[in-house]
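An overview of the molecular structure
The chain contents come next:
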Amino acid sequence: MPRKSTHPTPTDNSSLCLQYLSRCGGSARLCHINFSLSVIQMLVNQRKVKIKNTGAGFFIELENSK
């Protein structure tokens with residue numbers, strides 16, 4: 001009989017997106033990531049990430065990285 005996990009598993013990919021950004025040095029091109037717009041919008045609304053226009057494209061950055 002399989003055991004139930006005691007660790008909650010997120011139903012969305014927001015934690016995976018945050019992990020991906022932290023591995024990429026805190027920012028990545030918005031057109032190169034494969035996360036849905038709803039996940040990105042949720043992270044922006046929670047003020048965990050921000051979208052930055054550099055003139056050469058849009059980047060998504062972790063809010064606490066400077």
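So, a few notes on the structure that sits alongside this text. (Residues numbered from 1 in each chain as written. Predicted model: local features only at pLDDT ≥ 70, side-chain atom pairs only at ≥ 80, totals over all residues. Heavy atoms only, no water.)

Relative to the assigned elements, E61 resides in strand β3 (residues 58–62). The class of E61 is buried, set by a relative accessible area of 15%. (Helix = DSSP H or I, 4+ residues; strand = E, 2+ residues; numbered from the N terminus. Buried < 20%, exposed > 50% of the residue type's maximum accessible area, 1.4 Å probe, protein only.)

Turning our attention to the pattern of salt bridges. Counted under the stated rule, the structure contains 1 salt bridge. Between K50 and E61 there is a salt bridge; the shortest N-O distance is 4.0 Å. Highlighted residues: K50 in strand β2 (residues 49–53) and E61 in strand β3, separated in sequence by 11 residues. (Salt bridge = Lys/Arg side-chain N within 4 Å of Asp/Glu carboxyl O.)

A separate point is the nonpolar core. Core analysis: the biggest nonpolar cluster contains 11 residues, these being C17, L21, A28, I33, F35, V39, I40, L43, V49, I60 and L62. Of all elements in the fold, only α1 (14–23), α2 (37–45) and β3 reach the threshold of two or more residues within this core. Among the elements that take part in this core, α2 stands out by supplying 3 residues, more than any other. Discounting chain neighbours no more than four positions away, the residues touching I33 are Y20, A28, I40 and I60. (Core = buried A, V, L, I, M, F, W, Y, C linked by side-chain atoms within 4.5 Å. Contact = heavy atoms within 4.5 Å.)

Across 5 bridges, the pairing between β2 and β3 is antiparallel. When the bridges of β3 are listed, I51 appears paired with I60. Adjacent in sequence and paired antiparallel, β2 and β3 are bridged by 4 residues, among which G55 carries a positive phi angle near 90°. (Pairing = 2+ DSSP bridges.)

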